[in-house]
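# Structural features, examined
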Amino acid sequence: MPLLGFFAFLCSLTIPDSLMWYRLGQIILQYRIALLVFLLAFTGFMGYHASKVQLSYEFTRAIPLDNPKYKAYQEFRKKFGDDGNLLVIGVQTDQFFNEKKFNAYYQLLRDLKKVKGIEDVLAVPTAINLVKHPEEEKFKAVPLFPDRALSQEEIDSAALLFRSLPFYQGLMYNPETNAWLMGLRVNKDLMASKAREGVVKEINKITDAFGQAQNLTIYKSGLPYIRTEIAMMLQEEMRFFLIASIALSALILLLFFRSISATILSLLVVGIGVVWSMGTIELLGYKISLLTALIPPLVVVIGIPNCIYFLNKFHVAWNQSGDKRQSLVSMVDKMGIVTLFCNVAAAIGFAVFALTQSQILKEFGVVAGINIMALFLISLILIPAALSFLPAPKTRHTKYLDNPRLNRWLDRLERWSLNHRRLIYGITGVLVIASLFGIFRLKSEGFIVDDLPKSDKIYTDLKFFEKNFKGVMPLEVVVDTKRKQGVVRNPANLEKIDTFSRFLSGIPDIARPLSLAEGLKFAKQAFFDGDPANYSMPSSNDLMALSQYLSFKGDSTGSKSSLAMLVKSFMDSTKQQARISVNMADIGSHRLPGMLDSIQDMAERIFNADSIDARSADAATREASKDDTTWGKRRFNIQLTGTSVTFLEGSRFIISGLKDSIFWAFLLIAVCMLYLFRSVRILFCSLIPNIIPLMITAGVMGWAGVPLKPSTVLVFSVALGIAIDVTIRFLVNYKQELPQQQYDLKKTVIETIHSTGISIIYTSLVLIAGFVIFVFSDFGGTKALGWLTSLTLVTATFTNLVLLPAILISFIRIRK
């Protein structure tokens, strides 16, 4: 019953009534034991769920589930399987077919096949040749390299035959650069679980041992590898930043309060907050992603200022009264409403992401918003309850209140605000104008792996495959003939697939496509006794001769030949849809839309030329052809999908959602400020010192060439929600001091600067130091979040302690 009464009372705090907060302080002290037991029990419950939280390995959750491109991608996966489950391993050597090296490479292949989760290995040693058997009218797949230790003579003979098969050129090897590729197809269910980490570690161990033994550099890439390595890096970084943020906060608190008990109490508050945040992720059915991994260290960074403000007010009240119980009640009375609205503002800065259509942003916004408000509850209960059991503060614990150096700085701020307002406005105007010019230079661009440093092995290995094989990022084109058996029944359709594939091959950043057409070319070469000159698209007559070999008669014999498997993988079961698979370079979200548009346009021209001609024909021609029911209609439906398309769509949604979140953050925070101060004029005065830091940060991004992308746009809503705390604390104190200073505006501003300045500076230092540690991240987005948010907070501290007082003196008129 006491707990129910307490929470009912807490929920009724809808107006900034001083008496209400005074009573709340008394209730917390009265029921302190019950509240601490509740806090301990609930933390144990959340800790249990936190222990079960898992890492996320998905990269497509930025797109809403009802998005057409997401649906198309899921439909593709259902029909053709995953496009991103190939892990590639590359080497570069002109001694590849040397007996020692080749046999070692073959052994590497055998070792990798034994790794749990590896379903197949595609490489030169597993290459097959199609051999015609006229008496049976069938092709037989014959391995080029027998599965045993081979002599140099055997290797040379097989290598000569291998090089005569154009099918493998550009797929397994690059003859110009002597680069060789091995592809590992990984079980898709395993790649969606934690077991993938063990698989990748085992692959790394085997391949690295091979590289050392043969004195070769091993290059590894592919979406399964990139995703797993990034997830493991993310896990390590989360631990590092959590420990670093706690250690840094502890150091600052110890220097500030000179009290071990106050430091431990503050760390206990944020420690409970971290446990609750991890438990929330698991309870809501989420997993740790690149964004939600930032929440625990953010909880530490945001929670420490709560502790500083509460403890600072307690020490001030203790110096004034010498009564510990009365000081604790006064602490809740004076700082309760302030801390509540500060946490509300910070929570809004994060929670607005839940209003976006991006699933990954929604999760981040929901978890962060909930746990920032939970921090307020933890601070409100734990700090006064725990302090009531601890000894009263000693003189050294409150010595920081009379810091001569900080007081001299506050005196300077006071003089600037009172006597140099024109200079302040002039400097601010110049900075705003320079920032506007920088904002116009901002560009929006993102890459699939651009958050990694250019020197990182993942990035350099990806560039190796882009240079030698034109990339590993999957792009899929699905051609729907709209008729069963439509792919194979009409030879003209196969010709169009080949024409389109040759168009794709001519694009610099796209590798040679794989499609049914390539399989048919391979079959034609085999039919003509392996002559490389016959590696070309079969004519209608050729297809008739090949019909028995190709088994295109609609039977379901269940042939397990390599050719049958190839045909199956590039057509759906009804042979109505054909798949054209390509790998491409990670060219970025700026160039990718133009490339996809040109591909879509050319596909329409190749496959739907009749309908395009019909749309451009004159009226007489259309009238003459009106009896033809097919003329002028789109005969084929062309769908571009795959990881590259979903990445671009996800980037668009995240950027758009983050821009919307900034608008909602401003709007909701403005509503809170208007409700708190009941003055439109003060509302504008409060927003100006927070808009300007955001403009300066955006301007710096423009001048420094930092692009707008999901990781950098995140900064603005987060920084606004945190920076507004300083404004709220300043203005609430200003409002509380106003009647005590007989409504003398200048005296009130001076007193406010001195009474809140020290705690504002210390909390700003904690916040800035807390975000600066993110600069040491290996991820560019996390690094940008660190230095850009720190820059915003530094600027916001100056605007709130210099510009805001000047604005209040210049534009506020007091009515008693």
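Please read these numbers as outputs of a predicted model, since none were measured by experiment.

### A few points about the overall build of the protein chain
Check the secondary structure of the protein chain and you find 29 helices and 10 strands. Residues classed as buried in the protein chain amount to 57% of the 816 residues present. Of the contacts formed within the protein chain by residues at least 6 apart in sequence, a portion of 79% connects residues at least 24 apart. Total accessible area on the protein chain is roughly 35,200 Å²; 58% of this is exposed by carbon and sulfur atoms.

### Observations concerning the confidence of the model for the protein chain
Taken over all residues, the pLDDT of the protein chain has a mean of 82, while the share at 70 or more is 90%. Under a pLDDT of 50 for its full length, residues 552-562 has, in the predicted model, 12 contacts with residues more than four places off or in other chains.

### Some words on the nonpolar core
Judged by nonpolar contacts, the single largest core of 153 residues is most densely connected at I383, I728, L731, Y734 and L808. Residues contacting L731, with those up to four places away along its chain left out, are M673, F677, I682, S686, L804 and L808.

### What about the packing of helix α11 (residues 295-321) against helix α13 (residues 359-389)?
Between α11 and α13, the shortest axis-to-axis distance is 10 Å and the interhelical angle comes to 30 degrees. Helix-helix and strand crossings are classified by hand; for α11 and α13 the assignment is right-handed. Along the contact surface, α11 presents I295, L298, V299, I302, G303, N306, C307, F310, L311 and F314, while α13 presents F364, V367, A368, I372, L375, F376, S379, L380, I383 and L387. For the contact of α11 with α13, the class distribution of residues is 17 nonpolar, three polar and no charged.

### Concerning the pattern of salt bridges
This structure, assessed with the given rule, holds 15 salt bridges. R148 serves as the salt-bridge partner of E154, at 2.8 Å between the closest nitrogen and oxygen. As a salt-bridge pair, K220 and D208 come within 3.2 Å of each other at their nearest N and O atoms. Of this pair, K220 sits in strand β7 (residues 219-221) while D208 sits in helix α8 (residues 195-214), placing them 12 residues apart in sequence. According to the relative accessible area criterion, K220 is buried, its value standing at 5%. When salt bridges with common partners are traced through the structure, they connect D498, R502, R512, E518 and K521 into a single cluster.

### Some remarks on the side chain of T280
Its place among the elements puts T280 in helix α10 (residues 260-283). Of note is the side chain of T280, whose polar atom sits 2.6 Å from the backbone oxygen of W276. Residue contacts for T280: discarding those within four places in its chain leaves M46, V367, I370 and N371.

### Thoughts on the packing of helix α14 (residues 404-419) against helix α29 (residues 780-811)
Packing of α14 against α29 leaves a shortest axis separation of 8 Å and a crossing angle of 40 degrees. Taken as axis vectors, α14 and α29 run oblique relative to one another. Relative to α29, the crossing made by α14 is right-handed. Packed against α14, whose contacting residues are L413, W416, S417 and L418, the element α29 presents L801, V802, P805, A806 and I809 at the interface.

### Observations regarding the pairing of strand β4 (residues 138-143)
Alignment of strand β3 (residues 128-133) against β4, held across six bridges, turns out to be antiparallel. If you follow L130 over to β4, its bridge partner there is A141.

### Focus: the environment of M232
The residue M232 is located in helix α9 (residues 223-257) in this model. On a C-alpha basis, the gap between M232 and L55 in space is 9.0 Å, while along the polypeptide they are 177 residues apart. What M232 contacts, discounting residues up to four positions off in sequence, is E197, V200 and K201.

### A few points about the packing of aromatic side chains
Summed over all chains, the structure comprises 35 aromatic pairs. Where F527 meets F528, the ring centres are 5.3 Å apart and the plane angle is 85 degrees; that geometry is what we call edge-to-face. By relative accessible area, F528 is classed as partly exposed at 32%. In this arrangement the basic side chain of K132 is found over the ring face of F527, its NZ or CZ atom lying 4.5 Å from the centre.

### Quick word on the environment of I753
Here I753 shows up in helix α28 (residues 745-772). The class of I753 is buried, set by a relative accessible area of 1%. Counting along the chain gives 49 residues from I753 to V802, while the straight-line C-alpha distance between them is 9.2 Å. Each residue touching I753, except ones within four places of it in the same chain, is listed here: L410, E414, S417, F730 and P805.

### Focus: the sheet that holds strand β9 (residues 577-584)
Two pairing modes exist for strands in a sheet, parallel and antiparallel, and in both the strands are linked by backbone hydrogen bonds. Taking strand neighbours across the sheet as the criterion, the three strands line up as β9-β8-β10 in an open arrangement whose pairing is antiparallel. Edge strands, defined here as strands with exactly one partner in the open sheet, are β9 and β10 (637-641). Sheet twist, expressed as the average angle between the axes of neighbouring strands with direction ignored, equals 15 degrees. Its contacts with the sheet place helix α18 (residues 491-505) against β8 (473-480) and β9, and it is angled at close to 10 degrees to β9.

### Overview of a nonpolar patch on the surface
Side chains of L355, F663, W664, L667, L668 and V671 sit close together on the surface and give an oily, nonpolar patch of about 550 Å² of accessible area. Along the chain, V671 falls in helix α25 (residues 643-677).

### Details of the environment of L452
Within the element layout of this structure, L452 appears in the loop between α15 (421-439) and α16 (457-469). For L452, the residues in contact, after removing those within four places along its chain, are I230, M233, I458, D778, F779 and G780.

### Observations concerning helix α6 (residues 152-163)
Compared with an ideal rise of 1.5 Å per residue, which puts 12 residues at 16 Å, α6 spans 16 Å between its outermost C-alpha atoms and is within 8% of the ideal. Within α6, burial applies to I155, A158, A159 and F162. Relative to the axis of α6, the buried residues are bounded by an arc of 105 degrees and lie together on one face. When the buried face of α6 is taken as reference, the exposed residues oriented beyond 90 degrees from it are E153, S157 and L160. Elements in contact with the buried residues of α6: α5 (99-113), β5 (173-174) and β6 (179-186).

### Observations concerning a positive patch on the surface
There is a patch of like positive charges on the surface, built from R405, R408, R412 and R415. Of note, R405 is situated in helix α14. Relative accessible area serves as the criterion here: at 60%, R405 is assigned to the exposed category.

### What to know about unusual backbone geometry
Backbone geometry at N215 places phi at a positive 55 degrees, although glycine is not the residue there. As for its placement among the helices and strands, N215 is situated in the loop between α8 and β7. Residue N215 is classed as exposed on the basis of its relative accessible area of 70%. Even without glycine at this site, K470 takes up a positive phi of about 65 degrees. Turning to its location among the elements, K470 is positioned in the loop between α16 and β8.

Analysis parameters
- Residues numbered from 1 in each chain as written.
- Predicted model: local features only at pLDDT ≥ 70, side-chain atom pairs only at ≥ 80, totals over all residues.
- Heavy atoms only, no water.
- Helix = DSSP H or I, 4+ residues; strand = E, 2+ residues; numbered from the N terminus.
- Buried < 20%, exposed > 50% of the residue type's maximum accessible area, 1.4 Å probe, protein only.
- Contact = heavy atoms within 4.5 Å.
- Areas by Shrake-Rupley, 256 points an atom, 1.4 Å probe, with all protein chains shown as cover.
- pLDDT = per-residue confidence, 0-100.
- Core = buried A, V, L, I, M, F, W, Y, C linked by side-chain atoms within 4.5 Å.
- Axes fitted to C-alpha atoms, helices over the stretch in contact; angles between N-to-C directions.
- Left-handed = near helix turned anticlockwise from the far one by under 90°.
- Nonpolar A, V, L, I, M, F, W, Y, C, P; charged D, E, K, R; others polar.
- Salt bridge = Lys/Arg side-chain N within 4 Å of Asp/Glu carboxyl O.
- Polar contact = N/O pair within 3.5 Å; in protein donor to acceptor, adjacent residues only side chain to side chain.
- Parallel < 35°, antiparallel > 145°, perpendicular 65-115°, else oblique.
- Pairing = 2+ DSSP bridges.
- Phe/Tyr/Trp six-rings, centres within 6.5 Å; stacked < 30°, edge-to-face > 60°.
- Lys NZ or Arg CZ within 6 Å of the ring centre and 35° of its normal.
- Patch = residues over 30% accessible without salt bridge, like charges linked within 9 Å, V, L, I, M, F, W, Y side chains within 5 Å.
- Expected span 1.5 Å × (residues − 1).
- Arc of directions from axis to C-beta.
- Lys, Arg positive; Asp, Glu negative; His and termini not counted.
- Charge placed at Lys NZ, Arg CZ, Asp CG, Glu CD.

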